Structures are given as C-alpha cells and as structure tokens.
Amino acid sequence: MRVKIFVYDGNEWLEQTPCNSAEFDERLDEQIDTGSVQLISAVETPFPDFCTVKMLLNDGQEEKELCYRAFDAVEKRGAGYYVHTLELVEPTRELMGVLIDGIKFTQPIEGEKLSLKEALTRISKKAVLLPKGFGSDEVVFLFDWNKNPSVSRILDETVSPEFHWESETSLWEVLCDVGNVINCIPRLYIVAPSSSAPYKVLTFDKVNDVTGEYEL
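Residues numbered from 1 in each chain as written. Predicted model: local features only at pLDDT ≥ 70, side-chain atom pairs only at ≥ 80, totals over all residues. Heavy atoms only, no water.

## What to know about the packing of helix α1 (residues 116-124) against helix α3 (residues 171-181)
Contact geometry for α1 and α3: axes closest at 11 Å, N-to-C directions at 175 degrees. When the interaxial angle is binned, α1 and α3 end up roughly antiparallel. Together, Leu116, Leu120 and Ile123 of α1 and Leu171, Val174, Leu175, Val178 and Val181 of α3 make up the contact between the two elements. Here the contact of α1 with α3 is composed, by residue class, of eight nonpolar, no polar and no charged. (Axes fitted to C-alpha atoms, helices over the stretch in contact; angles between N-to-C directions. Helix = DSSP H or I, 4+ residues; strand = E, 2+ residues; numbered from the N terminus. Parallel < 35°, antiparallel > 145°, perpendicular 65-115°, else oblique. Contact = heavy atoms within 4.5 Å. Nonpolar A, V, L, I, M, F, W, Y, C, P; charged D, E, K, R; others polar.)

## Description of the sheet that holds strand β1 (residues 2-8)
Taken together, the six strands give a closed barrel; going around it, the order is β1-β2-β3-β6-β5-β4, and neighbouring strands pair in antiparallel fashion. On average, adjacent strands in this sheet sit at an angle of 40 degrees to one another, irrespective of strand direction. Where strand β2 (residues 13-24) and strand β3 (residues 34-41) come together, six bridges link them in antiparallel fashion. Considered in β3, the bridge of glutamate 23 is made with serine 36. (Pairing = 2+ DSSP bridges.)

## Regarding the packing of aromatic side chains
Scanning all chains against the criterion turns up four aromatic pairs. With a centroid separation of 5.4 Å and 55 degrees between ring planes, the pair formed by phenylalanine 50 and phenylalanine 71 is classed as tilted. One end of the pair, phenylalanine 50, is in the loop between β3 and β4 (51-58); the other, phenylalanine 71, is in strand β5 (residues 63-78), and 21 residues separate them in sequence. Of the residues examined, phenylalanine 50 reaches a relative accessible area of 29% and is grouped as partly exposed. Look at phenylalanine 105 and tryptophan 165: their rings are 6.1 Å apart centre to centre, the planes differ by 90 degrees, and that puts the pair in the edge-to-face class. Separated by 60 residues along the polypeptide, phenylalanine 105 in the loop between β7 (103-104) and α1 and tryptophan 165 in strand β10 (residues 164-165) bring together distant segments of the chain. With a relative accessible area of 5%, tryptophan 165 lands in the buried category. Within the aromatic cluster, the residues linked to one another by ring pairs are Phe105, Phe163 and Trp165. (Phe/Tyr/Trp six-rings, centres within 6.5 Å; stacked < 30°, edge-to-face > 60°. Buried < 20%, exposed > 50% of the residue type's maximum accessible area, 1.4 Å probe, protein only.)

This is the structure in structure tokens:
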C-alpha cells in the first residue's frame, strides 16, 4: 500500500517524506483512534502541537483519506537529517476539551415531546466548537447531518430522554449519552480539501456500521 503524508502549516498542505512504517487503527466505539508515523526532514523545528495531518492510502484499487491531529518529537540522525515522529489522534479528541455550563431536559406528561434532534439543537447553544470563518471571531456549533442521513432521521424520530448534565461536563460525555440512545458514537471529522483550508464537521456514526474494507 502506498502512503502519502501531508501536514497543514496554516496556509497550505505540505507533502512530507515518510520513513519506516505508518501505524494507525480505526474503531467504531468510544476508544479514540490513534496512530503514529515517522517523517524524514532537513528541518529541525517540530511541527506545532495538534497540527493537522492528512494521510492518503492507496492499495491500487481505491484511495482512502484519513485526517488526524498530531504531536511531534524530533530526533537528529545525521548532519542536516532529522526524523519527526508524529503521534496521531483522531479529531474527536477535541470534544473532550469542550465544557458545557450544565443542561437539563425535562419532558411534558402530555403533549408534544422533545426529539433527540431538538435536544442536540439546544446543546449546540451551550457549547461552541467550530469557527464560522477563518479570521472571524464568530463561532458556531455545526452538525453535518448530510454525512449520515439515516442517523439524522433516527434523531428526528426518537423522543429524547430527560437528561441532566452538571456544569463542567465535557461535550464528549454529553454527546456519548445522546448517542447511546440510538447506538451511535459522536465523531468529529476533518474535511481536508487539497486546495483550501481544512474544516471540521460533527456527526454520529452507527456502532458496527461497516462502510468499507481495504487491505494493507
């Protein structure tokens, strides 16, 4: 399998030269995906913490794109020759660092009840995550339902339980509680077009929902 590695420097994607092997795993549970890759470079300065890394995997039949956040450790191997070891973690890790002020949902005994989708809309007003535009101070919270329309339909049709989260609860915990109702896991993805800046979308993935297979 051929692997191409790109690191986003804040302005553009810079292709890197991998060495040795790239390791990564993909899971559909509450265990965050991780991995590592080594790069050869003439530059000693490490990449910034939590930089965006794009991996393009090609097995000769199809190409798969994976995006991670990375932490860099640099080791000098010779004159003007450095190895950068990037420890990778999926972008969903960011949800663990976003805290809410506390939310409580109750349902009426009679009448129309709150759906899970409506509950998520209210949650979105309690936490901010995504920049509306680069260079803008305004932020919004975005769920990309179009990535999985069947999940969107389930959220809309499912009556929300009566949730109660205390202040300082992480957004990850909140979304996991919501996802557990419909057997889904919250996932934050980085969309990494080659010609523009990467951006993030938040959605839910069905547990044990296999979307494709590939061989290493």
